[in-house]
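Report on the structure
Now for the letters of each chain:
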Amino acid sequence: AHLNPPLPMIPRRGRLGEISVPFTQAMLKIPSEHWEPAYRLYYGAIFWITAFIRGPDGKTWYQLTDDRLGIRYCIPSRHIRPISRNELTPLSPEVPPEEKRILISTADQRLFAFEGTEQVFEAAISTGIPSDGPSPNGIPTETPRGNFNIARKTPSRHMGDGNLTSDLEAYELPGVPWVSFFHSYGIGCHGTYWHDNFGSWMSHGCVNMRNQDALWVYRWTTPVVKHSEWYKMGRGTPVQVI
């Protein structure tokens, strides 16, 4: 665990931060100074810090804005590490974008990155579990095969059902880090704080990666996302899934 001093200020567009303790309980402030529990947030999850607030313990807390629901919940400031601009600078920016490509092997459960014909990166992953029938939302749980391009990138995404709940068993994954979407179903590569079983099928379709590996992909691929941008869209780095 790592505890952090409060920021001197928070930019108007917010500041990215990483949960730096095993977990922290987010709280909602409702009228009449009453607080209720929201999500439990886990180590490695990424959120937008958008304001200071005095917490229920009288100490400095941060308000976090949920990128999907737009709601604001709060955690102690010492439980989240602000992310510096230098941590998100592009990797290999001198390489022409058309020379970069990603190859994902569902058989090997590995992701490879190439610059021209040279392999420059490899990581263990967890792709979608094949299913016998359609899922409740009609989207297959197996990672789709084919040729795609990264189309949208975001440093933090609330995945799951999208309900506001303090139920620890609910399918809610706020703060999924370093997401590089490449399919219209909302499938992409992203960091994973809820399991460490890489090399095996685990997901509902996305390409689960260790957080540091997903960050590498996020920084190396296009479109490039600025430190202050909540997301970026564009026809980016090719992705082939086999």
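Preceding this section is the structure that the text describes.
All of the points below concern the structure found in this document. (Residues numbered from 1 in each chain as written. Predicted model: local features only at pLDDT ≥ 70, side-chain atom pairs only at ≥ 80, totals over all residues. Heavy atoms only, no water.)

1. Looking at the overall build of the chain
- Helices and strands together make up the secondary structure of the chain, namely one helix and 17 strands.
- The C-alpha radius of gyration computed for the chain amounts to 18 Å, which stays within 12% of the reference 18 Å derived for 242 residues, consistent with globular compactness.
- The dimensions of the chain, computed from C-alpha atoms along their principal axes, are 60 × 45 × 30 Å.
- Out of the 242 residues in the chain, the part that is buried amounts to 51%.
- For the chain, the computed accessible surface area is about 11900 Å², with 51% contributed by carbon and sulfur atoms. (Helix = DSSP H or I, 4+ residues; strand = E, 2+ residues; numbered from the N terminus. Rg over C-alpha atoms; globule rule 2.2 N^0.38 Å. Buried < 20%, exposed > 50% of the residue type's maximum accessible area, 1.4 Å probe, protein only. Areas by Shrake-Rupley, 256 points an atom, 1.4 Å probe, with all protein chains shown as cover.)

2. Examining the sheet that holds strand 9 (residues 110-115)
- Spatial strand order, 10-9-8-17-11: five strands in an open sheet with mixed pairing. Each edge of the open sheet is held by one strand with a lone partner, namely strand 10 (118-124) and strand 11 (146-149). Each strand axis lies, on average, 20 degrees off the axis of its neighbour in the sheet, ignoring direction.
- Inspection of the sheet shows strand 8 (residues 100-105) paired to strand 17 (residues 238-241) by three bridges, in the parallel sense. In the strand pairing of strand 17, Ile 102 is matched with Val 239.
- Strands in contact with helix 1 (residues 211-220) are strand 8, strand 9 and strand 10; relative to strand 10, the strand with the most contacts, it is inclined by about 145 degrees. (Pairing = 2+ DSSP bridges. Axes fitted to C-alpha atoms, helices over the stretch in contact; angles between N-to-C directions. Contact = heavy atoms within 4.5 Å.)

3. Some details on a nonpolar patch on the surface
- Together, Phe 23, Tyr 42 and Leu 168 give the surface a local cluster of nonpolar side chains, amounting to about 280 Å² of exposed area.
- Within the secondary structure, Tyr 42 is located in strand 3 (residues 34-42). (Patch = residues over 30% accessible without salt bridge, like charges linked within 9 Å, V, L, I, M, F, W, Y side chains within 5 Å. Salt bridge = Lys/Arg side-chain N within 4 Å of Asp/Glu carboxyl O.)

4. So, the packing of aromatic side chains
- Per the counting criterion, the structure on display carries 12 aromatic pairs.
- With a centroid separation of 5.8 Å and 45 degrees between ring planes, the pair formed by Phe 52 and Tyr 62 is classed as tilted. Here Tyr 62 lies in strand 5 (residues 60-65) and Phe 52 lies in strand 4 (residues 46-54), a separation of 10 residues in the sequence.
- For Phe 52, a relative accessible area of 38% corresponds to the partly exposed category. (Phe/Tyr/Trp six-rings, centres within 6.5 Å; stacked < 30°, edge-to-face > 60°.)

5. Thoughts on the side chain of Thr 237
- Among the structural elements, Thr 237 can be located in the loop between strand 16 (232-233) and strand 17.
- Since its relative accessible area comes to 1%, Thr 237 is described here as buried.
- Here the side chain of Thr 237 touches Thr 222 through a polar contact of 2.9 Å, landing on its backbone nitrogen.
- With residues near it in sequence (within four places) discarded, Thr 237 still touches Lys 100, Arg 101, Ile 102, Phe 148, Asn 149, Ile 150, Trp 220, Thr 221 and Thr 222. (Polar contact = N/O pair within 3.5 Å; in protein donor to acceptor, adjacent residues only side chain to side chain.)

6. Things to note about the sheet that holds strand 16
- Spatially, 15-14-13-12-16 is the arrangement adopted by the five strands of the open sheet, whose pairing is mixed. Each end of this open sheet is capped by a strand with a single partner; those strands are strand 15 (207-209) and strand 16.
- Seen against the sheet, helix 1 touches strand 12 (152-160), strand 13 (172-183), strand 14 (187-191) and strand 15 and runs at an angle of roughly 40 degrees to strand 13.

7. Brief notes about the pattern of salt bridges
- With the rule as written, the count across this model stands at six salt bridges.
- One salt bridge connects Glu 122 with Arg 110, and the closest N-O pair in it is separated by 3.1 Å. Of this pair, Glu 122 sits in strand 10 while Arg 110 is found in strand 9, placing the two residues 12 residues apart along the sequence.
- By relative accessible area, Glu 122 is classed as partly exposed at 38%.
- What you see here is one network of salt bridges that share partners, running through Glu 18, Arg 81 and Glu 87.

8. Observations regarding the nonpolar core
- Ile 104, Leu 111, Phe 121, Trp 178, Phe 182 and Met 209 are the most contacted members of the largest nonpolar core, which totals 29 residues.
- When residues no more than four places from it in sequence are discounted, the contact partners of Leu 111 are Ile 102, Leu 103, Ile 104, Phe 121, Glu 122, Ala 123, Ile 125, Cys 189, Met 209 and Val 217.
- Leu 7, Val 21, Tyr 62 and Val 179 belong to the second-largest nonpolar core, a separate cluster that totals 23 residues. (Core = buried A, V, L, I, M, F, W, Y, C linked by side-chain atoms within 4.5 Å.)

9. With respect to the environment of Ala 113
- For Ala 113, the location among the structural elements is in strand 9.
- Through-space distance from the C-alpha of Ala 113 to that of Tyr 218 is 12 Å; in sequence the pair is 105 residues apart.
- Apart from the residues lying within four places of it in its own chain, the contact partners of Ala 113 are Arg 101, Ile 102, Glu 118, Gln 119, Val 120, Phe 121, Trp 216 and Trp 220.

10. What about unusual backbone geometry?
- Omega for the bond connecting Thr 222 with Pro 223 falls within 30 degrees of zero, at 5 degrees, which places this linkage in the cis form.
- Tracing the chain through its elements places Pro 223 in the loop between helix 1 and strand 16.
- Even without being a glycine, Gln 109 presents a positive backbone phi close to 55 degrees.
- For Gln 109, the location among the structural elements is in the loop between strand 8 and strand 9.
- Even without being a glycine, Trp 178 presents a positive backbone phi close to 55 degrees.
- Relative to the assigned elements, Trp 178 resides in strand 13.

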